[in-house]
Amino acid sequence: MATLYTLSESNIRKTWLYMFGFLIFVIFIGFIFAQASGRPEILYFAFVIALIMNFVSYYYSDKIVLAIYGAKEADKKTNPELYRIIENLTMSAGLPMPKIYIINEAQPNAFATGRSPNKAAIAFTRGIIEILDKRELEGVAAHELSHIGNRDILISTIAVILGGFVAMMADFFLRISFWGGRSRDRNQNPAILIIAIVGAILAPIAATLIRLAISRKREFLADSSGALLTRDPEGLASALEKLSRSSQQLTNPNHATAHLFIVNPLKENENNEENISWIAKLFMTHPPIQERIKILRSMEK
């Protein structure tokens, strides 16, 4: 029978396997593009641009996403119960106390952000504080603290960098190929060019699928780590049930930040697994809630 420990270890191994495979994929695509274009310098240029774009994202993404949702910082005086819950959990987890933010949205949801435990923040919507009891709110807070402790933000950033690199390479290659900038080497194998063009079209899609797969694995890991922290899987399972039943919508939903939340804020019918095709599941930012609840409840004993 699965336990909190074995599930955490399994998800960590699978996540790093995905990351290693992603890196090999980037190197392979880069090699194909270089061979087909005869212009290896475009790879270096694309890499530099991708790094610059993601440097800004890495250091300022937390401030950007909190500003997008109009989050307001809370403290012990304004939200004493929430503050005590997180304070107790951080002491148990051996983590520094994150900043706490409140988002004035009726949809019950929450997310963690920040590139490291020392620069972390957790944001809760007004709706989630209103509908969850203390036990359930503790489960959600533990889930978000687990994202911080597991360095999920860093891994997500690495995935975004690699995915951005692939997309940038594909864009450069297609522009050069179709606008006559490709090196005119008569001895060049046309099969390589065909493979590269197909790869340029499919590579960004494949990179997105890998990035989303990593995101879904991190949700499973945060669930199990959070339940381990509270020693109460049912608290988080009950919270997820309530979140899944909510019909509230965000005022200004943002696809780019959807993966940050504990449940998909876009409400795209991810909760009923029977109605989701395997293709649709590939593009989901989160695993189906019912699957997450089932795993949590299977680990109670």
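Since we're looking at a predicted model, the values are computed, not measured.

1. Considering the overall build of the chain
Check the secondary structure of the chain and you find 10 helices and 4 strands. The contacts of the chain with a sequence gap of at least 6 include a subset with a gap of at least 24, amounting to 72%. When the accessible surface of the chain is split by element, carbon and sulfur atoms take 60% of a total near 15300 Å².

2. A word on the sheet that holds strand β2 (residues 99–103)
Sheet architecture is open: 4 strands sit in the order β1-β2-β4-β3, paired in mixed fashion. Looking at which strands have only one partner, the edges of the open sheet turn out to be β1 (72–74) and β3 (110–113). Neighbour-to-neighbour, the strand axes of this sheet turn through a mean angle of 30 degrees, independent of strand direction. Strand direction decides the pairing type here: β2 and strand β4 (residues 121–125), joined by 5 bridges, are parallel. Looking across to β4, one finds that I103 is bridged to T125. On top of the sheet, helix α3 (residues 80–93) reaches β2 and β4; it is set at about 140 degrees to β2, its chief contact. Against the sheet, helix α5 (residues 134–149) touches β3 and β4, its axis set at about 145 degrees to β4.

3. Some details on the packing of aromatic side chains
Evaluation of the coordinates by the stated rule reveals 3 aromatic pairs. Summarising the aromatic geometry, the rings of Y69 and F261 are spaced 5.4 Å apart at their centres and angled 90 degrees between planes, so their arrangement reads as edge-to-face. You can see Y69 sitting in the loop between α2 (41–68) and β1 and its partner F261 sitting in the loop between α8 (233–245) and α9 (278–282), a full 192 residues away along the chain. An aromatic cluster is present here, built from Y69, F111 and F261 joined pairwise through their rings.

4. Describing the pattern of salt bridges
As a working rule, side chains carrying opposite charge can pair if their charged atoms are close by. Taken as a whole, this structure holds 7 salt bridges when the rule is applied. A salt bridge links D232 to R135, with the nearest nitrogen and oxygen atoms 2.7 Å apart. Taken together, the residues D232 in the loop between α7 (190–230) and α8 and R135 in helix α5 connect sequence positions 97 residues apart. For R135, a relative accessible area of 43% puts it in the partly exposed group. Measuring nitrogen to oxygen at the nearest pair gives 3.1 Å for the salt bridge that ties R297 to E241. In this pair, R297 is assigned in helix α10 (residues 289–298) and E241 in helix α8, connecting sequence segments 56 residues apart. Bridged by salt links that share partners, the residues E219, D223 and R292 form one connected network.

Here is what the cut-offs are and how they apply
- Residues numbered from 1 in each chain as written.
- Predicted model: local features only at pLDDT ≥ 70, side-chain atom pairs only at ≥ 80, totals over all residues.
- Heavy atoms only, no water.
- Helix = DSSP H or I, 4+ residues; strand = E, 2+ residues; numbered from the N terminus.
- Contact = heavy atoms within 4.5 Å.
- Areas by Shrake-Rupley, 256 points an atom, 1.4 Å probe, with all protein chains shown as cover.
- Pairing = 2+ DSSP bridges.
- Axes fitted to C-alpha atoms, helices over the stretch in contact; angles between N-to-C directions.
- Phe/Tyr/Trp six-rings, centres within 6.5 Å; stacked < 30°, edge-to-face > 60°.
- Salt bridge = Lys/Arg side-chain N within 4 Å of Asp/Glu carboxyl O.
- Buried < 20%, exposed > 50% of the residue type's maximum accessible area, 1.4 Å probe, protein only.

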